[in-house]
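So the chains spell out like this:
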Number of protein chains: 2
Amino acid sequence: MPRSHAHLPRLHVEPDLVAGAPLTLGKEQSLYLAAVLRKSVGDEVVLFNGRDGAWLCRITADSKKSVGLDVVDRIAAQTPPSDLWYGFAPLKSERLDYMVQKAVEMGVGTIQPVVTQFTQNHRVKTERLQANAIEAAEQCEVLVVPSIAAEVSLGQLLDGWPTQHGDRKLLFADEGAASSSPVVALEQLRGQRVGLLVGPEGGFSDKERTKLHGLPFVVPISLGPRILRADTAAVAGLAAIQAIIGDWR
Amino acid sequence: MPRSHAHLPRLHVEPDLVAGAPLTLGKEQSLYLAAVLRKSVGDEVVLFNGRDGAWLCRITADSKKSVGLDVVDRIAAQTPPSDLWYGFAPLKSERLDYMVQKAVEMGVGTIQPVVTQFTQNHRVKTERLQANAIEAAEQCEVLVVPSIAAEVSLGQLLDGWPTQHGDRKLLFADEGAASSSPVVALEQLRGQRVGLLVGPEGGFSDKERTKLHGLPFVVPISLGPRILRADTAAVAGLAAIQAIIGDWR
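Fair warning: this is a prediction, and the values are worked out from it, not measured in the lab. Starting afresh in each chain, residues are numbered from 1 along the sequence in its written order. Naming scheme: in the order in which they are written, chains are lettered from A and ligands are numbered from 1. Under the rules for a predicted model, residues below a pLDDT of 70 receive no local features and side-chain atom pairs below 80 are neither given nor counted, while totals for whole chains, interfaces and linings still include all residues. Note that water and hydrogens are dropped before the side-chain values are worked out from all heavy atoms of the structure.

Peer 1: Looking at this structure, how should I read the domain arrangement of chain A?
Peer 2: Interfaces are often sized by the accessible area lost when the parts come together. Residue and element names in this part refer to chain A. As annotated, the domain borders come from an automatic or database domain assignment. If you check the domain split of chain A, you get domain 1 (10-76) and domain 2 (85-244). When each unit is reduced to the centre of its C-alpha atoms, the spacing between domain 1 and domain 2 is 34 Å. In this complex, domain 1 contributes nine residues to the contact, which on the side of domain 2 involves eight residues. For any pair of parts, buried area is found by adding up, for both, the accessible area (1.4 Å probe) each one loses once the two are put together. Counting each side, the surface lost to burial between domain 1 and domain 2 is near 650 Å², with a carbon and sulfur contribution of 66%. Whenever Lys or Arg places a side-chain nitrogen within 4 Å of a carboxyl oxygen from Asp or Glu, that contact is recorded as a salt bridge. Taken together, the links from domain 1 to domain 2 amount to one salt bridge. As a salt-bridge pair, Glu-141 and Arg-10 come within 3.9 Å of each other at their nearest N and O atoms. Two N or O atoms count as a polar contact when they lie within 3.5 Å, although within protein this holds only if one can serve as hydrogen donor and the other as acceptor, and sequence-adjacent residues are included solely when both atoms are side-chain atoms. On the surface where domain 1 and domain 2 come into contact, there are one residue pair in polar contact (both at pLDDT 80 or more). Considering each element in turn, the side of domain 1 that touches domain 2 owes the most residues, three residues, to strand S1 (residues 10-12). Gly counts as polar in this scheme, as do all residues outside two lists: the nonpolar Ala, Val, Leu, Ile, Met, Phe, Trp, Tyr, Cys and Pro, and the charged Asp, Glu, Lys and Arg. Split by residue class, the side of domain 1 that touches domain 2 holds four nonpolar, four polar and one charged. A contact between two residues is defined here by any heavy atoms of the two lying within 4.5 Å. Numbering of helices and strands runs from the N terminus; a helix is a DSSP stretch of H or I covering at least four residues, while a strand is a stretch of E covering at least two.

Now the structure itself:
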């Protein structure tokens, strides 16, 4: 994307984006643009909807309740949705928001909260995760907002995996594994559909690890010799996957 | 490390750790153990000093001003210092602390603040970084605290690199690079001494990138097709290095 657009406000919208077809924003986004960012008629904004790429738009009406825009020019082609599945044990409040943000930055396609034995937070609102995912996509110029799956327990996830996910392999960051490089394990999965499961701060229980190790679609990987916090493990694991067999190409 | 020690307080100390040689903690650590954690005579603590491994110790005196301990048993062998050099443009306050914490979790050996054109924070206190590094090592069971190098400008770093760092290669996360996998670039550096430089939120200026690209010891790497925040780039870059040619073995 040309650098000249890098500092323009960027918003996710629902309607189709077509050159010459004007758009009106809802109350929340209008207030944000007109009152918070103090944009006015003539100012430029970038809009995306996850289907039509990124579009340069120009404000034609700057009421705080109802900002109107002309859709001018497409500045980036639509990127395909990511196939990478990502499940994580929800942390509390800010750290939860942060986990979602990092997942979006790292290019996951689906985000699923998974409640495990040592999970801190058992009441995750999908709407909150969705709002965080949209905001992260807006801030990091990601053109598809990952879908947020409803919270499940680890048992439900694993029992339902073959039915729901078919041949997708489930990588999990195994704190109990001897330190090793995930390169070999990942290379063997090249071209296959994969997901990454990151556990809570306390890790997985012995019972959970035993169950995970016993499932044919599960691939334990090591994230090195040190203890990683959950948010570090998330980024490190996703980086290893994306760098070795993912979309860092 | 046996899981039974996982929940014991863990502190970094200066003196040698030898079985049978008692230790007395200073005011700050004594207050922390006795008043904050409310530990008392007989309670166990893990101590490390970066030289002698991790030791199980038992409290013998629990005054808030002066906690005394018996050094009982070594529970983990000393790990060697990491050779991985890490430079980053300092962010503000909490985010700065976070950057140091992540670097320690990812196993770097040296941490150096580097002031670039778009750097937000120009007054980094080495003592603060040191305290953060120690705390991160304590929390993540890292047995060597990375050394903190004094802040330098990017120009000083690059001009002095051959003299200071000899044959060490300097990887830098190049936002301007076409997306590619760093696997090939990293494989070519296997067995060599390397460092990673992560820029500020605004990235490197055109002038800085031109200079970096012109230096023989510099190796630009891509961290994928998306824009990463500085702290995400740090963990992702360090993960790629450690996973592919580092200590995730």
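Next comes the rest of the account.
Peer 1: I would appreciate a short explanation of the pairing of strand S3 (residues 44-48) of chain B in the present structure.
Peer 2: A regular strand places its side chains on the two faces of the sheet in alternate fashion. All names here are of chain B. Relative accessibility decides the category of a residue: with a 1.4 Å probe and only protein chains considered, values under 20% of the type maximum give buried, values over 50% give exposed, and everything between is partly exposed. In terms of burial, S3 is largely enclosed, as four of its five residues are buried. Paired strands are those between which DSSP finds at least two bridges. In this structure, strand S1 (residues 10-12) lies alongside S3, joined through three bridges in parallel fashion. Residue pairing across strands places His-12 opposite Phe-48, the latter belonging to S3. With five bridges connecting them, S3 and strand S4 (residues 54-63) associate as antiparallel partners. Paired with Val-46 across the strands is Leu-56, a residue of S4.

Peer 1: So what exactly am I meant to see when it comes to the relation of the copies chain B and chain A here?
Peer 2: Note that the two copies of the chain are related through a rotation about an axis and a translation along the same axis. The superposition of copies rests on a least-squares fit of C-alpha positions from residues with pLDDT of 70 or more in both. Overlay of chain B on chain A (RMSD 0.0 Å): rotation 180 degrees, translation along the axis 0.0 Å. Interpreted geometrically, this transformation is the action of a two-fold axis. A symmetric contact is evident, with 100% of the interface residues of chain B recurring at the interface of chain A.

Peer 1: Just checking my understanding: could you explain the interface of chain B and chain A for this structure?
Peer 2: Listed as interface residues are 38 residues of chain B and, on the opposing side, 39 residues of chain A. When chain B packs against chain A, the two sides together hide about 3,100 Å² of surface, and 52% of this comes from carbon and sulfur. When residues of chain B are sorted by the area they lose upon contact with chain A, Arg-226, Arg-229 and Trp-248 of chain B head the list and together hold 24% of the total. Taken together, the connections running from chain B to chain A amount to four salt bridges. Between Arg-226 of chain B and Asp-247 of chain A there is a salt bridge, and its shortest N-O distance comes to 2.8 Å. Our count for the chain B to chain A interface comes out at 23 residue pairs in polar contact (both at pLDDT 80 or more). Mapped by element, the contributors of at least two residues to the side of chain B that touches chain A are helix H2 (93-105), helix H3 (126-140) and helix H7 (230-245) of chain B. With nine residues, the top contributor of residues to the side of chain B that touches chain A is H7 of chain B.

Peer 1: For this particular structure, what's the right way to read the confidence of the model for chain A?
Peer 2: The predicted coordinates should not be examined in detail at positions where pLDDT is low. pLDDT runs from 0 to 100 and stands for how confident the predictor is about each residue. Chain-level pLDDT for chain A is 93 on average; 99% of the residues reach the 70-or-more range. Here the predicted complex scores 0.93 on pTM and 0.92 on ipTM.

Peer 1: Help me understand the pattern of salt bridges in this model?
Peer 2: Where charged atoms from two side chains of opposite charge approach closely, those side chains can pair. Applying the stated criterion across every chain, the model contains 30 salt bridges over all chains. Close ionic contact of Glu-187 of chain B with Arg-190 of chain B constitutes a salt bridge, the shortest N to O distance being 3.2 Å. The class for Glu-187 of chain B is partly exposed, based on a relative accessible area of 35%. Residue class for Arg-190 of chain B comes out partly exposed when judged on its relative accessible area of 43%. One salt-bridge network, held together by shared partners, links Arg-95, Glu-201 and Asp-231 of chain A together with Lys-102 and Glu-105 of chain B.

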